[in-house]
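Here are the chains, one letter per residue:
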Amino acid sequence: MSEPYGDGYMEPEEEWEREGLLDPAWEKQQRKTFTAWCNSHLRKAGTQIENIEEDFRNGLKLMLLLEVISGETLPRPDKGKMRFHKIANVNKALDFIASKGVKLVSIGAEEIVDGNVKMTLGLIWTIILRFAIQDISVEEMTAKEGLLLWCQRKTAPYRNVNVQNFHLSWKDGLAFCALIHRHRPDLLDYSKLSKESPLENLNLAFDVAEKHLNIPKMLDSDDLNSTAMPDERAVMTYISSYYHTFSGAQQAETASNRICKVLKVNQENERLMDEYERLVSDLLDWINKTTPWLENRTADNTLNGVQKKLEEFRNYRRVGKPPRVEEKAKLETNFNTLQTKLRLSNRPAYLPSEGKMVSDIANTWKILETAEKGFEEWLLSEMMRLERLDHLAQKFKHKADNHEDWTEGKEEMLEREDFRNCRLNEVKALKKKHEAFESDLAAHQDRVEQIAAIAQELNALDYHDLATINTRCQNICKQWDKLGTLTQKRSYALKEAETVLEKIDQLHLEFAKRAAPFNNWLDGAREDLVDMFIVHTMDEIQGLIDAHEQFKQTLGDADREHQSIVGLTEEVENIASKYQVPGGIDNPYTALTTVELTEKWLEVKELVPKRDQVLETELLRQQSNERLRCKFAEKANVVGPWIEGQMDCVAALGMGMQGVLEDQLNKLQQLEQAVEQYQPHMDELEKCHQEVQESMIFENTYTQYTMETLRVGWEQLLTAIHRNINEVENQILTRDSKGITQEQLNECRSSFNHFDKDRSGRLQPEEFKSCLVSLGFNIRNDKQSDAEFKRILNSVDPNNTGYVHFDAFLDFMTRENTDRDTAEQIIDSFRILAGDKPYILADELRRELPPDQAEYCIQRMTPHIGTGAEPGALDYMSFSTALYGESDL
């Protein structure tokens, strides 16, 4: 028989011989099997046959068999017992078979009426093929192949079973037992069966099938086990009864698989939602804890305290923030992936908890970065302010020390009345000396004012030790006022005694007059030469160097003035020695001596080269700072354009027109690798920036880039790459799940890009509307079209962001004609598992579904409300609609 399983043909008798149909052993198997098969159906009509070739000769039971298995009514049979009556009845049966598309070759009514056993068996086999086997379909194979594939799938998990055919694969009985156990594990224990006991296995399977499944014994276990090649038609006939018996279970399995698939999607979506909520809460908690710290502008008003805060801020930038940047990008990626999966599975869009939208994260992140930028600017300005304060405080101390040294003993000197008992020349000397002191006092007025001005500036800049500064300044000013009063008082007293004081030593007076300014100049020069300074640029240090050079130009004149003053002293000594003037060597007009002036002059000359060295050191430091500026600028001028170039590449790829999606994804992943490999350049730039900050460099004219702008660009580049990778992966997911071609995808991308004028990767509602019109959507300017457009817009922009992104646009363009799971399909599947009841029981769910998914349904299904329901009945209809957003779980 060339192909007796698909089209229903029966070949001539010689071909039956070649196929083995006339083999005596097979004939025996077929006679028993076909008889049992016919009786399994005839019993439904209250009759049966004993001898297959005899009991069908009059055509009556043959017609009855066809009516039972087809469910149709044949023409009324002839009641006569003559041969022509029997032939007429058999012909009615043969005509009915032919009407079902079965071609009968070499089978005539006469052979059946005459009891031709071979023709009768061939006819029954034809009926079995047409009504029991031909309708079996598995993956669009022929009936035989489909039935074999069904057997292979059902028995695949069982040990010692390997179904390859319908003869040798069934001899040990294990395959029959496996089919029963697969569908009714309660009927036998497969684990106790042995391949070494084929008869026991066969008898067990046949007895269980007959007793519990209503499948009659169609095969003989002894014949099946002992025959070298069992008859495949007999085995197929018997196995087809298993297939039809378990067809209801197959339907339930299909329904169960569909439900499991939908529940798995729902469980995964809920897991992604929970993970998103958890990650968002964690990130927002971190931002909410970090932002107040960045917004805090309080410090201990000391340079060390601010430097410590700056180090904490750098550690936050290097260690604390980068993982959170990655978390933010991952959140956006997870959110987009979740929304795509929801769209693809026909679920409503996910709406996060209040305050946890992606836009909320972006807004909170923006507040964080604003606070971060302001915090860094405040820290740097505080450092400059406090550095200035320390410099002023040192300068105040230095000037105050000098002033207090000068005023020491001055009050006692002014309060003395030593002139009362002096000679005339001594009184005059005291008067002149006092005039010199007044000159000196006036010269110190500027220093006192400088001290007060510095104290006032320290107060304005909120110096941390103002109490000490103010107390000392007040004491100096109070003492200064007292000195002024005492000076005036002593001056008046000396004037009263002026009438008795006439002679004055002009040389002493000249010395006093010239020595005092020169001494003041020396004091000022010494102060200037040891004066502390702070500069930030080459121009500032160069200005100090130039001023110092100008000062050195005055040293020649100062040296000549020193020699002249020394000459006055020498002349006084000569006169005093020559004329023996009592006390003539002592200068009554000034306490200054040549020795003191000479010591100060030598000190000034020693301080000049030291000042040269200090300025040279500062010059070198500024030159080093200049090199740091150049070093940072050189790196920044490379990194900045590189980041901008990569952003351009990402933007170009984001247009989606550069090859297939896999190529775009590959290029984006290569860009991601390139960015990861470029990280050392950013790290090196961060290190260089830290050196710049530690060197107190605040400006850089060699580059337009700052570390802040580069950091922002770097983070934007990482975010753009991750976002585009996610979008392309979602597009691949959409393309593959929807079955669209690359050409269709390119067409959608081309239409989208045409209306994306600003290349932002999203369309505004009016742009989206124009795009739909260009694609053939009938959207007019009327109320009905406006309502339809709003419906479409809500489906592609469920979060009401005001924009339509490409993945949502692509999903909309493909999902209209795509076959998807629906709530109605899931309801039908649950109805099958429930046995057509409007409700389902927990035990039924646990029997038909995996444990975790069964419990998932039980926990979420509401009690069934209706009459006649069993206790514990669950409402699977509302549960199914809730899976697709049509009601609430």
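Since the model is a prediction, treat every value here as computed from it, not as a measurement.

Mind showing me how you'd approach the overall build of the chain here?
Counting secondary structure elements, the chain contains 32 helices and four strands. Split into buried and exposed, the 889 residues of the chain put 47% on the buried side. About 44600 Å² of surface is accessible on the chain, with carbon and sulfur atoms providing 49% of the total.

Help me understand helix α15 (residues 358-407) in this model?
Three- or four-residue spacings in an α-helix give side chains the same orientation, since the helix completes a turn every 3.6 residues. The terminal C-alpha atoms of α15, which comprises 50 residues, lie 72 Å apart, in line with the 74 Å expected from a rise of 1.5 Å per residue. At the exit of α15 stands Gly-409, carrying a positive phi of roughly 80°.

Teacher, can you tell me more about the environment of Ser-439 here?
In this structure, Ser-439 sits in helix α17 (residues 424-460). Residues Ser-439 and Lys-513 lie 74 residues apart in sequence; the distance between their C-alpha atoms is 8.7 Å.

Help me understand the packing of aromatic side chains in this model?
By convention here, two paired aromatic rings are described through the distance between centres and the angle between planes. Across all of its chains, the model carries 32 aromatic pairs by this definition. With a centroid separation of 6.2 Å and 45° between ring planes, the pair formed by Phe-176 and Tyr-242 is classed as tilted. Taken together, the residues Phe-176 in helix α9 (residues 174-183) and Tyr-242 in helix α12 (residues 232-245) connect sequence positions 66 residues apart. For Tyr-242, a relative accessible area of 0% corresponds to the buried category. When the ring of Tyr-276 is compared with that of Tyr-350, the centres are 5.8 Å apart and the planes differ by 90°; the resulting orientation is edge-to-face. In this pair, Tyr-276 is assigned in helix α13 (residues 247-295) and Tyr-350 in the loop between α14 (303-344) and α15, connecting sequence segments 74 residues apart. On the basis of relative accessibility, which here comes to 1%, the residue Tyr-276 falls in the buried class. A relative accessible area of 7% means that Tyr-350 is categorised as buried. Positioned above the aromatic ring of Trp-406 is the side chain of Lys-410, whose terminal nitrogen or guanidinium carbon lies 4.9 Å from the ring centre.

Looking at this model, I keep getting lost on the nonpolar core. Mind explaining?
Nonpolar side chains tend to gather and get buried jointly when the protein is soluble and globular. By size, the foremost hydrophobic cluster in this structure holds 76 residues, and its most contacted members are Ile-127, Trp-170, Phe-176 and Tyr-242. With twelve residues, the single largest contributor to this core is helix α7 (residues 117-133). Trp-170 has contacts with Cys-151, Val-163, Asn-165, Ala-175, Phe-176, Leu-179, Leu-202, Leu-224, Val-235 and Ile-239, leaving out every residue within four places of it along the chain. One finds Phe-335, Trp-406, Val-448 and Leu-483 within the second-largest nonpolar core, a separate group that totals 53 residues.

Whenever I open this one, the pattern of salt bridges confuses me. Can you help?
Once their charged atoms are close, side chains differing in charge can pair, the charge on each being opposite to the other. If you walk through the whole model with that rule in mind, you get 53 salt bridges. As a salt-bridge pair, Lys-837 and Glu-844 come within 2.8 Å of each other at their nearest N and O atoms. A residue is classified by how much of its surface remains accessible, and Lys-837, at 17% relative accessible area, is buried. Between Asp-843 and Arg-846 there is a salt bridge whose closest N-O contact spans 3.9 Å. Linking Asp-843 with Arg-846, this pair stays in helix α30 (residues 842-848), spanning three residues, or about one helical turn. By relative accessible area, which is 57% here, Asp-843 ends up exposed. Given the relative accessible area of 43%, Arg-846 is considered partly exposed. Each member of the salt-bridge network shares a partner with another, and the members are Arg-317, Lys-321, Glu-369, Glu-372, Glu-376, Glu-686, Glu-708, Arg-711 and Glu-715.

Explanation requested: the packing of α14 against helix α23 (residues 661-694) in the structure shown.
Between two packed helices, both the angle of their axes relative to each other and the distance between the axes serve to describe the pair. For the pair α14 and α23, the least separation of the axes is 13 Å and the interaxial angle reads 170°. Between α14 and α23, the crossing angle belongs to the class labelled roughly antiparallel. Contacts between α14 and α23 involve Leu-310, Arg-314 and Arg-318 from the first element and Gln-690, Gln-693 and Glu-694 from the second. Its residues assigned to classes, the contact of α14 with α23 shows one nonpolar, two polar and three charged.

I would appreciate a short explanation of α9 in the present structure.
Of all ten residues making up α9, eight are buried, and the element is well covered by its neighbours. Considered for burial, the residues of α9 that qualify are Leu-174, Ala-175, Phe-176, Cys-177, Ala-178, Leu-179, Ile-180 and His-183.

Explain a negative patch on the surface here, please?
Where like charges cluster on the molecular surface, the negative patch consists of Asp-405, Glu-408, Glu-412 and Glu-415. If you trace the backbone, Glu-412 turns up in helix α16 (residues 410-415). Residue Glu-412 is classed as partly exposed on the basis of its relative accessible area of 48%.

So what exactly am I meant to see when it comes to the packing of α7 against α12 here?
Between α7 and α12, the shortest axis-to-axis distance is 11 Å and the interhelical angle comes to 25°. Put simply, α7 runs roughly parallel to α12. Regarding α7 and α12, the two cross each other, and that crossing is left-handed. Residues Trp-125, Ile-128, Ala-132 and Ile-133 of α7 pack against Arg-233, Met-236, Thr-237, Ser-240 and His-244 of α12. Counted by class, the contact of α7 with α12 contains five nonpolar, three polar and one charged residues.

Help me understand the confidence of the model for the chain, please; the structure alone is not making it clear to me.
Of all residues in the chain, 90% have pLDDT values of 70 or greater, and the mean over the chain is 82. Counted against residues more than four places away or in other chains, residues 1-22, with its pLDDT under 50, gives 57 contacts. For the stretch residues 500-504, pLDDT sits under 50, and the model shows 15 contacts to residues farther than four places along the chain or on other chains.

Help me understand the environment of Asp-539 in this model?
For Asp-539, the location among the structural elements is in helix α20 (residues 538-553). Accessibility expressed as a relative area gives 66% for Asp-539, which makes it exposed.

Explanation requested: unusual backbone geometry in the structure shown.
Only a minority of non-glycine residues have a phi that is not negative, and only a minority of peptide bonds are not trans. In the Ramachandran plot, Asn-160 falls in the positive-phi region, its phi being about 65° despite a non-glycine side chain. Unusually for a residue other than glycine, Asn-214 sits at a positive phi of about 60°. Its place among the elements puts Asn-214 in the loop between α10 (198-212) and α11 (221-226).

I would appreciate a short explanation of the side chain of Ser-880 in the present structure.
With respect to the secondary-structure elements, Ser-880 resides in helix α32 (residues 876-883). Among the polar contacts made by the side chain of Ser-880, one reaches the main-chain carbonyl oxygen of Tyr-876 at a distance of 2.8 Å.

I'm lost on the environment of Ala-252 in this one. Help?
Following the sequence through the fold, Ala-252 ends up in helix α13. Taking the C-alpha atoms as reference points, Ala-252 and Ile-832, 580 residues apart in sequence, are found 5.9 Å from one another. Beyond its immediate chain neighbours, meaning those up to four positions away, Ala-252 contacts Ile-832, Leu-833 and Glu-848.

Cut-offs applied
- Residues numbered from 1 in each chain as written.
- Predicted model: local features only at pLDDT ≥ 70, side-chain atom pairs only at ≥ 80, totals over all residues.
- Heavy atoms only, no water.
- Helix = DSSP H or I, 4+ residues; strand = E, 2+ residues; numbered from the N terminus.
- Buried < 20%, exposed > 50% of the residue type's maximum accessible area, 1.4 Å probe, protein only.
- Areas by Shrake-Rupley, 256 points an atom, 1.4 Å probe, with all protein chains shown as cover.
- Expected span 1.5 Å × (residues − 1).
- Phe/Tyr/Trp six-rings, centres within 6.5 Å; stacked < 30°, edge-to-face > 60°.
- Lys NZ or Arg CZ within 6 Å of the ring centre and 35° of its normal.
- Core = buried A, V, L, I, M, F, W, Y, C linked by side-chain atoms within 4.5 Å.
- Contact = heavy atoms within 4.5 Å.
- Salt bridge = Lys/Arg side-chain N within 4 Å of Asp/Glu carboxyl O.
- Axes fitted to C-alpha atoms, helices over the stretch in contact; angles between N-to-C directions.
- Parallel < 35°, antiparallel > 145°, perpendicular 65-115°, else oblique.
- Nonpolar A, V, L, I, M, F, W, Y, C, P; charged D, E, K, R; others polar.
- Patch = residues over 30% accessible without salt bridge, like charges linked within 9 Å, V, L, I, M, F, W, Y side chains within 5 Å.
- Lys, Arg positive; Asp, Glu negative; His and termini not counted.
- Charge placed at Lys NZ, Arg CZ, Asp CG, Glu CD.
- Left-handed = near helix turned anticlockwise from the far one by under 90°.
- pLDDT = per-residue confidence, 0-100.
- Polar contact = N/O pair within 3.5 Å; in protein donor to acceptor, adjacent residues only side chain to side chain.

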